[in-house]
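Breakdown of the fold
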Amino acid sequence: MSYNRLAVYGHRGWVSSAVVNALASSGAPVKVLSRPGSDISGLPPNVTTVEVDVNNQQQLVSALQDVDIVISLVGHEGVERQHAFVKAIPSTNVKLFVPSDLGLRMPDEQGLRVPVNKAKDEVETAAKKAGIPTTVILPGCFAESAFSSGIMGVDCPGNRIIFTGDSANQQMNICSRNYVAAAYASIFANTPPEQLQGRAIGLSELKATGNEIVAALNKKHGSEPQILRHSLEKVEDEIDTCIRNGVPLALAWYCRKAWGNGTLVKGVGEDIWEVEEYKKATLEDLLIAGKLEPYRNIPPQAVQAFNSTFH
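First, a word on scope: everything that follows refers to the structure included in this document. As the structure is a computational prediction, the values presented were derived from the model and not from experiment.

1. Points about the packing of aromatic side chains
To describe a pair of aromatic rings, you give the distance between the ring centres and the angle between the ring planes. Inspection of the entire model under this criterion finds six aromatic pairs. Between Y179 and Y278, the aromatic rings sit 5.0 Å apart at their centres with planes inclined by 80°, giving edge-to-face as the arrangement. Here Y179 is found in helix α7 (residues 177–188), whereas its partner Y278 is found in the loop between α11 (263–266) and α12 (283–288), with 99 residues between them in sequence. Between Y184 and F188 the ring centres are 5.5 Å apart and the planes differ by 45°, which places this aromatic pair in the tilted class. With Y184 and F188 both in helix α7 and four residues apart, this pair spans about one turn of that helix. Ring pairing ties together the aromatic residues Y9, F85 and F97, which thus form one cluster.

This is the structure we're talking about:
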């Protein structure tokens, strides 16, 4: 079996750390590009590391000389730094660039005005203009955040839910962190890059409507959850207000809108990658059987902001 030589940028995040571990277990050679001073003590022993200032083009080009696929896993704050790779990759033999997306395709102009979505789109557009083959991964919603953080209007611990538009009947596309990590290994470890170029690959571990989530919460808590309702018009206004005032809740409101108008499932596309021999979680596994893993620590101000939307 022939493996791809992988370089990963962004290794310490809640998602990225799991992806790096899965890639390291896949058999493919993995090189982590770490920022100066970044903590690399938790990396698997078979992963090589190179300290790189991505703004130093000579350093970055040198670090990418023996790489087939560059996988970026940076969080929201690091999206714009990926332009450094767009500048460097044409001077290397890299065959595929995978910019950090880990969301869904935005079907309207408003979605692309959400700052982080706009920044991601600009990186992908720049890469294509530079002639760099790209692939993006679209899992929709992460189960751990969707069900416990309040970002989607679902508060599993508090037994409450917000129905936005028609989200009672529309499906949410959901993936656990472990499934996404397994998918990255399945996709990038040994698939020839030429077979991945130009694709927006969707991931789908499970789907659930708002009504199905309500039934699961009822079964878990032994009582009906509190149900609140937001119109799509209200959510549209909230998105525009957040964008206009620089409030970081714009993405949360937009994701709720996408669920409520039925575009969330469509946002992961039709090119769905199935992870062979992986036992997918069910809604009952996650919400009733207690298999939902913790989400990352959320700053208190963000928790307060999400809680403030439950009205």
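2. Remarks on the nonpolar core
Membership of the largest hydrophobic core comes to 67 residues, with the highest contact counts inside it found for L64, F85, F147, M172 and I213. Residue contributions to this core peak at eight residues, all from helix α10 (residues 250–260). With sequence-adjacent residues up to four places away left out, I213 is seen in contact with F147, V154, I161, M172, A208, W259, L283 and L287. If you look at the next biggest cluster of nonpolar residues, it comprises 39 residues, including I69, I71, I137 and V275.

3. Here's the deal with unusual backbone geometry
We note that N159 has phi near 55°; this positive angle belongs to a residue other than glycine. Checked against the element boundaries, N159 lands in the loop between β8 (154–155) and β9 (160–164). With relative accessibility at 10%, the residue N159 sits in the buried group. With a phi close to 65°, E277 is a non-glycine residue in the positive phi region. With respect to the helices, strands and loops of the structure, E277 is situated in the loop between α11 and α12.

4. Considerations on helix α1 (residues 14–24)
Counting buried positions along α1 yields nine of 11 residues, so the element is predominantly enclosed. Looking only at α1, the buried set comprises W14, V15, S16, A18, V19, V20, A22, L23 and A24. Elements that come into contact with the buried residues of α1 comprise β1 (6–9), β2 (30–34), β4 (69–72), β7 (141–142), α6 (143–148) and α7.

5. Side note on the sheet that holds β9
Strand pairing in a sheet relies on backbone hydrogen bonds. The paired strands run either parallel or antiparallel. In space, the three strands of this open sheet follow the order β8-β9-β13, with mixed pairing throughout. Each edge of the open sheet carries a strand with a single partner, namely β8 and β13 (226–230). Most of the contacts of helix α8 (residues 210–221) go to β9, to which it runs at about 170°, and overall it touches β8, β9 and β13.

6. Comments concerning the packing of helix α9 (residues 232–245) against α10
If you want to describe how two helices pack, look at the angle between their axes and the distance between the axes. Packing of α9 against α10 leaves a shortest axis separation of 9 Å and a crossing angle of 155°. If you check the angle between α9 and α10, you find them roughly antiparallel. The element α9 and its partner α10 pack so that their crossing is left-handed. In contact with L232, K234, V235, E236, E238, I239, C242 and I243 of α9, α10 contributes A250, W253, Y254, K257 and G260. Taken together, the residues that form the contact of α9 with α10 break down as eight nonpolar, one polar and four charged.

Definitions and limits used
- Residues numbered from 1 in each chain as written.
- Predicted model: local features only at pLDDT ≥ 70, side-chain atom pairs only at ≥ 80, totals over all residues.
- Heavy atoms only, no water.
- Phe/Tyr/Trp six-rings, centres within 6.5 Å; stacked < 30°, edge-to-face > 60°.
- Helix = DSSP H or I, 4+ residues; strand = E, 2+ residues; numbered from the N terminus.
- Core = buried A, V, L, I, M, F, W, Y, C linked by side-chain atoms within 4.5 Å.
- Buried < 20%, exposed > 50% of the residue type's maximum accessible area, 1.4 Å probe, protein only.
- Contact = heavy atoms within 4.5 Å.
- Pairing = 2+ DSSP bridges.
- Axes fitted to C-alpha atoms, helices over the stretch in contact; angles between N-to-C directions.
- Parallel < 35°, antiparallel > 145°, perpendicular 65-115°, else oblique.
- Left-handed = near helix turned anticlockwise from the far one by under 90°.
- Nonpolar A, V, L, I, M, F, W, Y, C, P; charged D, E, K, R; others polar.

Purely spatial values, then, with no claim about function.
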